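# What the coordinates show
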Amino acid sequence: MAERRLFGRAAARGLARGVVTALATTDTVPDRIPGSPEAERDALVLAVAQAGAELEALQSGSSGAASEMLGFQIALLSDEELTSPALAAIECGRPAPLAWTEAMAAEIAGYAEAEDDYFAARTADLEDIRDRVLALLTPGTGQVAVPGGAVVAAADLPLSRFLAIDWREGGAIVLTGGSPASHVAMLARARGVPMVVGVGGSAAALAGCEVLVDAEAGEVVLEPGEASRAAFAARIGAQAAVVGAHAAFRTRPAATADGVAVSVSLNIADVAELERLDPAICDGIGLVRTELLFHGTGALSDEAAQYGAYRRIAEWADGRPVVIRTLDAGGDKPIPGVTITGESNPFLGVRGIRLSLHHPKLFLVQLRALARAAVHGDVRVMLPMVTVPDELAWARQMLNAALDELAEAGIPARRPRLGMMIEVPAAAIAIEEFDADFFSIGSNDLTQYVTAAARDIGAVAELADPGNPAVLRLIASIARHGREAGVDVSLCGDAAADPAMTDRLLRAGLRSLSVAPSAIGPVKQAIAAVDLHGCAA
Ligand code: PEP
Ligand code: MG
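Below is a summary of the structure that appears in this document. (Residues numbered from 1 in each chain as written. Chains lettered and ligands numbered in written order. Predicted model: local features only at pLDDT ≥ 70, side-chain atom pairs only at ≥ 80, totals over all residues. Heavy atoms only, no water.)

## What to know about the site of ligand 1
Near ligand 1 there are 16 residues, and of these R289, R325, G442, N444 and R455 occur at the shortest range. Taking K333, its side chain carries an N or O atom lying 3.1 Å from an oxygen atom of ligand 1. Taking S443, its main chain carries an N or O atom lying 3.1 Å from an oxygen atom of ligand 1. Considering ligand 1 on its own, with 290 Å² of exposed area, one finds that the protein chains cover 100% of that surface. When atom positions are compared with the pocket grids, ligand 1 is found to occupy the largest cavity. Where the shell around ligand 1 is concerned, the elements lending two or more residues are β10 (285–289) and α17 (443–451). Element by element, the count of residues in the shell around ligand 1 is highest for α17, at three residues. Looking at the shell around ligand 1 residue by residue, the class counts come to three nonpolar, five polar and eight charged. (Near = heavy atom within 4 Å. Polar contact = N/O pair within 3.5 Å; in protein donor to acceptor, adjacent residues only side chain to side chain. Areas by Shrake-Rupley, 256 points an atom, 1.4 Å probe, with all protein chains shown as cover. 1 Å grid on protein atoms, 1.4 Å probe; cavity = no way out; pocket = protein on both sides within 12 Å on 5 of 7 lines; lining within 4 Å. Sits in = over half its atoms within 2 Å of the grid points. Helix = DSSP H or I, 4+ residues; strand = E, 2+ residues; numbered from the N terminus. Nonpolar A, V, L, I, M, F, W, Y, C, P; charged D, E, K, R; others polar.)

## Thoughts on the layout of surface pockets
In this structure, the second largest pocket occupies an estimated 440 Å³ of space. Considering the residues around the second largest pocket, the lining is formed by 26 residues, among which S263, D488, V489, S490 and S512 are closest to the centre. Where the lining of the second largest pocket is concerned, the elements lending two or more residues are β9 (263–268), β10, β11 (321–325), β14 (438–441), α18 (469–485), β15 (488–491) and β16 (512–515). Looking at the lining of the second largest pocket residue by residue, the classes come out as 10 nonpolar, 11 polar and five charged. (Points joined across faces, edges and corners; volume = space filled by probe spheres on them.)

## Details of the environment of R325
Within the element layout of this structure, R325 appears in strand β11. Along the primary structure R325 and Y111 are separated by 214 residues, whereas in three dimensions their C-alpha atoms are 29 Å apart. Once you skip the residues sitting within four places of it in the chain, R325 turns out to touch L287, V288, R289, T290, E291, K333, Q366, M382, P384 and M421. Reaching out from R325, the side chain makes a polar contact with the side chain of D328 at a distance of 3.4 Å. (Contact = heavy atoms within 4.5 Å.)

## Concerning the sheet that holds strand β8 (residues 219–222)
Pairing is mixed in the open sheet, where eight strands are placed in the order β1-β8-β7-β3-β4-β5-β6-β2. Two strands lie at the open edges of the sheet, namely β1 (4–7) and β2 (9–12), each paired on one side alone. Each neighbouring strand pair of the sheet contributes to a mean axis angle of 30°, computed without reference to strand direction. Across two bridges, the pairing between strand β5 (residues 172–175) and strand β6 (residues 195–197) is parallel. If you follow V174 over to β6, its bridge partner there is V196. The sheet strands contacting helix α8 (residues 183–191) are β2, β5 and β6, and the helix crosses β2 at an angle near 65°. The sheet contacts of helix α9 (residues 226–250) involve β1, β3 (15–22) and β7 (210–214), and relative to β3 the element is tilted by about 120°. (Pairing = 2+ DSSP bridges. Axes fitted to C-alpha atoms, helices over the stretch in contact; angles between N-to-C directions.)

## A short note on the coordination of the magnesium ion (ligand 2)
Six octahedral donors around a metal ideally sit at 90 or 180 degrees from one another, while four tetrahedral donors ideally sit at 109.5 degrees. For the magnesium ion (ligand 2), the full set of protein donor atoms is E423 (OE) and D445 (OD), at a range of 2.0 to 2.1 Å. A residue pair is termed long-range when its members are at least 10 positions apart, and E423 in the loop between β13 (417–422) and α16 (425–429) and D445 in helix α17 qualify at 22 residues. Residue D445 is classed as buried on the basis of its relative accessible area, which comes to 3%. (Donors = N, O, S within 2.8 Å, 3.2 Å for Na, K, Ca; no water. Buried < 20%, exposed > 50% of the residue type's maximum accessible area, 1.4 Å probe, protein only.)

## Here we look at helix α12 (residues 303–317)
The terminal C-alpha atoms of α12 lie 21 Å apart, and with 15 residues this matches the ideal 21 Å at 1.5 Å per residue to within 8%. Among the residues making up α12, those that are buried are E303, Q306, Y307, A309, Y310, I313, A314, W316 and A317. (Expected span 1.5 Å × (residues − 1).)

## With respect to helix α14 (residues 360–373)
For α14, built from 14 residues, the straight-helix expectation of 20 Å at 1.5 Å per residue is met to within 8% by its first-to-last C-alpha distance of 20 Å. For α14, the buried fraction is high: 11 of the 14 residues fall into the buried class. Along α14, the residues classified as buried are F363, L364, V365, Q366, L367, R368, A369, L370, A371, R372 and A373. Tucked into the core, α14 has its buried residues touching α11 (290–293), α12, β11, α13 (353–358), β12 (378–383) and α15 (389–408).

Taken by themselves, the reported measurements are silent on function.
As C-alpha cells, this is what we get:
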C-alpha cells in the first residue's frame with residue numbers, strides 16, 4: 001500500500017511508531033447513567049457468577065497448563081476481595097461496567113508491578129477476567145483489547161478508556177477529533193504518550209495500518225516507505241539525545257540565566273506516578289488532581305482511603321509543600337452519580353467548588369482526610385473554580401468543622417493552608433477580594449473562559465491560546481497582586497509545562513510553576529535560557 005499522510009495537531013509531544021488498534025465510537029465502557037446501586041450491584045454479582053460458570057465449563061474440557069490457568073481465574077473470580085472495590089464504587093453511584101473496569105485496572109496495575117515474576121505474569125489472566133465479566137455486563141459492546149505499544153486510533157478517547165489502557169510498553173494516540181486542551185490530552189502529556197488530534201476521517205479506516213506518529217509536527221504517516229522509516233528512526237535517535245540533555249536539568253534547582261530562582265513543582269494525577277520519581281527533581285507538589293486520583297475507585301466517600309493516599313504523597317515529598325486540590329469533577333470530568341447530567345454547557349455548570357457545595361458530606365470527608373494527612377507533611381488544600389469570595393468563606397467554615405470533629409474524636413490532625421485556583425476570570429480580575437492563603441493559576445480553564453473557546457472543542461483550539469495578551473495580562477496582574485500582598489502565586493495549568501511559554505510567564509512576574517513529571521527537564525532547561533535582567537518581580 002502506498003504511503004499516505006494525515007495532518008492534525010500535536011496534543012502530547014513525542015514520536016512513536018506502531019500498528020493501529022482502532023476503537024469504534026461505541027468502544028468505550030458505556031458511561032451510562034447508573035441504575036439504583038442495588039440494581040448495579042446485582043448486575044455485577046450476576047455477571048461475575050456467570051463468568052465463573054463459563055470458566056468452570058471451559059475447565060472441565062481442558063487439561064494441563066490450560067486447566068491450571070482456568071483454575072487460577074476461577075479462584076480469583078470467587079475471591080470477594082476482587083469484587084469489593086467495584087462494589088464500593090457502585091455504592092457511590094458508579095454504573096457497574098465502569099466500576100468493574102476501573103477497579104480491575106487498579107488490580108491489574110498492582111499485579112503488573114509485583115516484584116514476584118509469578119504474579120507479574122498473571123496480569124493477562126486478570127485482563128481475561130475483566131473482559132469476560134464486562135462482555136456479560138454490556139452485551140454487544142465488548143471492548144477491543146489494546147495490545148501493549150499499539151497506536152490507538154479513535155474519534156475521541158474518554159478519560160476512563162485512556163486510564164484503562166496499559167501504556168507501559170509505549171504506544172501513541174491518533175484522534176480523528178479531540179482537542180489538545182482536553183483532560184485526556186493533559187494525561188497523555190503527563191504519561192508521555194505521544195498524541196495527535198484532529199486528523200479527520202474515520203478511525204476505523206486506520207485499523208491494522210503501520211504508522212509513524214509525529215506528535216511534534218502533528219503528522220501521521222500511514223504505511224511508510226523505506227525513506228520515511230529511515231528518517232523517522234534517525235529522529236527518534238536524535239530525540240533520545242535531547243531527552244538526555246533534559247535529564248541533566250532534572251535534579252538541579254531551576255534558575256534563569258541571570259540567576260533568578262524559580263520554583264518548579266509537580267502536577268500528579270496518580271500516587272503510583274511518584275514511585276518512579278526522585279523528590280529531588282522538584283520543589284514540591286503543586287497540584288494533585290484528586291478527581292483523577294480516585295477515578296472510579298469509590299474512595300471519594302472513604303476517608304481512610306483518601307487519608308492513606310494523601311499521606312503517601314506527603315511522605316514522598318519529604319517536607320516539601322504538597323498542594324492537594326479538592327474534587328474538581330464536572331466539565332469534561334464527569335463522575336456518574338455525583339456530577340449533574342444533561343447540563344447544556346458543563347464547563348459553565350456545576351463543577352469544582354460548586355459541586356462540593358452540592359455535596360457537602362463528600363467535601364467534609366475530603367477535608368477531614370486532608371487535615372489528617374497534614375500531620376505528615378506540609379499539606380495545603382486548594383479549591384478549584386472559585387468564582388466569588390463566599391465560596392472560599394464557606395470552604396473555610398467546612399474546614400473548621402472538619403477540624404472540630406477530628407479534635408473531638410481525638411484523631412490527630414493539623415490545619416492545612418487553604419488556597420484557591422485562579423481559573424475563573426471573575427476571580428482573576430477581582431483577586432484582591434479573595435483572602436486565600438495562596439493562589440495557583442489554572443491557565444487551562446482561565447484561557448478557555450477568557451477566550452470563550454472550549455478546551456474540548458478542537459475547532460477552536462487555535463483560539464484557546466494561553467499566550468493571548470488578555471490571558472497574559474491577567475497572569476501579570478495576579479502575580480503583581482501576590483507580590484504586593486505577600487501571598488504565594490504559582491501557575492499549574494499546562495502553559496507552565498510548555499517551554500515555548502516559559503519566557504512569557506516569567507516576564508509576567510511568575511516565579512513558581514507546576515508541571516507534569518515529564519516536563520520537569522524541558523521546563524528547567526527553558527528557564528535556564530531566560531534572561532530577566534531588569535525585569536521586575
Ligand atoms: C487548569 O484549569 O489550568 C487546571 C490546572 O485545572 P484542570 O486542568 O484540572 O482543569
Ligand atoms: Mg481547571
